[in-house]
Amino acid sequence: MAKSAMSIKRHHLLTHIALSVTNQALDFGLSQEVASQLGDHVANTISELFGGQNFTFPRDHIFKLNQRDLEIYAEFRGNNYNELSNKYNMTERGIRKVIDRIHKRQLIEK
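Here is a short report on the structure shown in this document. (Residues numbered from 1 in each chain as written. Predicted model: local features only at pLDDT ≥ 70, side-chain atom pairs only at ≥ 80, totals over all residues. Heavy atoms only, no water.)

### Topic: the overall build of the protein chain
- What the protein chain contains, in helices and strands, is six helices and zero strands.
- Overall, the protein chain shows an N-to-C arrangement of helices and strands of α-α-α-α-α-α.
- In terms of overall size, the protein chain is more extended than a compact globule, its C-alpha atoms giving a radius of gyration of 17 Å where 110 residues would be expected to give roughly 13 Å.
- Along the first, second and third principal axes, the C-alpha atoms of the protein chain reach 55 × 40 × 25 Å.
- Buried residues in the protein chain amount to 21% of all 110 residues.
- Considering only residue pairs separated by 6 or more positions, the protein chain has 49% of its internal contacts joining residues 24 or more positions apart. (Helix = DSSP H or I, 4+ residues; strand = E, 2+ residues; numbered from the N terminus. Rg over C-alpha atoms; globule rule 2.2 N^0.38 Å. Buried < 20%, exposed > 50% of the residue type's maximum accessible area, 1.4 Å probe, protein only. Contact = heavy atoms within 4.5 Å.)

Encoded structure:
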C-alpha cells in the first residue's frame, strides 16, 4: 500500500525531531545510546499527545533563540570555546554549534 504525502511528512517530522533531540543530547555529553533513546521518546511523546491535531509552526528565528544560547554568544571572545563548554556543561562542539547558529541568524536579520 502506498503511503500518502501527509503520512510521509508526519514520518519526516517525527524523525527530524528524534534526530534533533539526539544530536542536542550528544552535545550535552550523553552517550549515543541514551541520546537516541531520549530522541525517540520525545518524538513518540509528541506523536501520542498531539497526534491527529493540526499545528502551524512559526518561522520567527528569534523565538528559537533561548536565553542560554544568547548568553553563550555574548560571552564568546573568539577563542574561549573550552571556557564556555566548562561553564555551560556542554561539549566544545555544542558551543561551536550554538555560536555558529546565532551568528548565521544575526546575519540574516540584518
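The discussion continues.
### Remarks on the environment of Thr15
- Looking at the secondary structure, you find Thr15 in helix H1 (residues 5-27).
- With relative accessibility at 32%, the residue Thr15 sits in the partly exposed group.
- Between the alpha carbons of Thr15 and Leu38 there is a distance of 13 Å; along the sequence they are 23 residues apart.

### Some points on the pattern of salt bridges
- Applying the stated criterion across every chain, the model contains seven salt bridges.
- A salt bridge links Lys97 to Asp27; the shortest N-O distance between them is 3.3 Å. Taken together, the residues Lys97 in helix H6 (residues 92-109) and Asp27 in helix H1 connect sequence positions 70 residues apart.
- Arg101 is the salt-bridge partner of Asp69, the closest N and O atoms lying 2.7 Å from each other. Of this pair, Asp69 sits in helix H4 (residues 67-75) while Arg101 sits in helix H6; the two residues are 32 residues apart in sequence, bridging distant segments of the chain.
- Since its relative accessible area comes to 26%, Arg101 is described here as partly exposed.
- Through salt bridges with shared partners, a single ionic network connects Asp27, Arg93 and Lys97. (Salt bridge = Lys/Arg side-chain N within 4 Å of Asp/Glu carboxyl O.)

### A closer look at a nonpolar patch on the surface
- Judged by side-chain polarity, Ile46, Leu49, Phe50 and Phe55 come together as a nonpolar surface patch covering roughly 380 Å² of accessible area.
- Relative to the elements of secondary structure, Phe50 occurs in helix H2 (residues 32-50). (Patch = residues over 30% accessible without salt bridge, like charges linked within 9 Å, V, L, I, M, F, W, Y side chains within 5 Å. Areas by Shrake-Rupley, 256 points an atom, 1.4 Å probe, with all protein chains shown as cover.)

### Some remarks on the side chain of Asp27
- Under the relative-accessibility criterion, Asp27 is labelled buried at 2%.
- Polar side-chain contacts of Asp27 include one of 3.1 Å to the side chain of Arg93.
- Asp27 has contacts with Met90, Thr91, Arg93, Gly94 and Lys97, leaving out every residue within four places of it along the chain. (Polar contact = N/O pair within 3.5 Å; in protein donor to acceptor, adjacent residues only side chain to side chain.)

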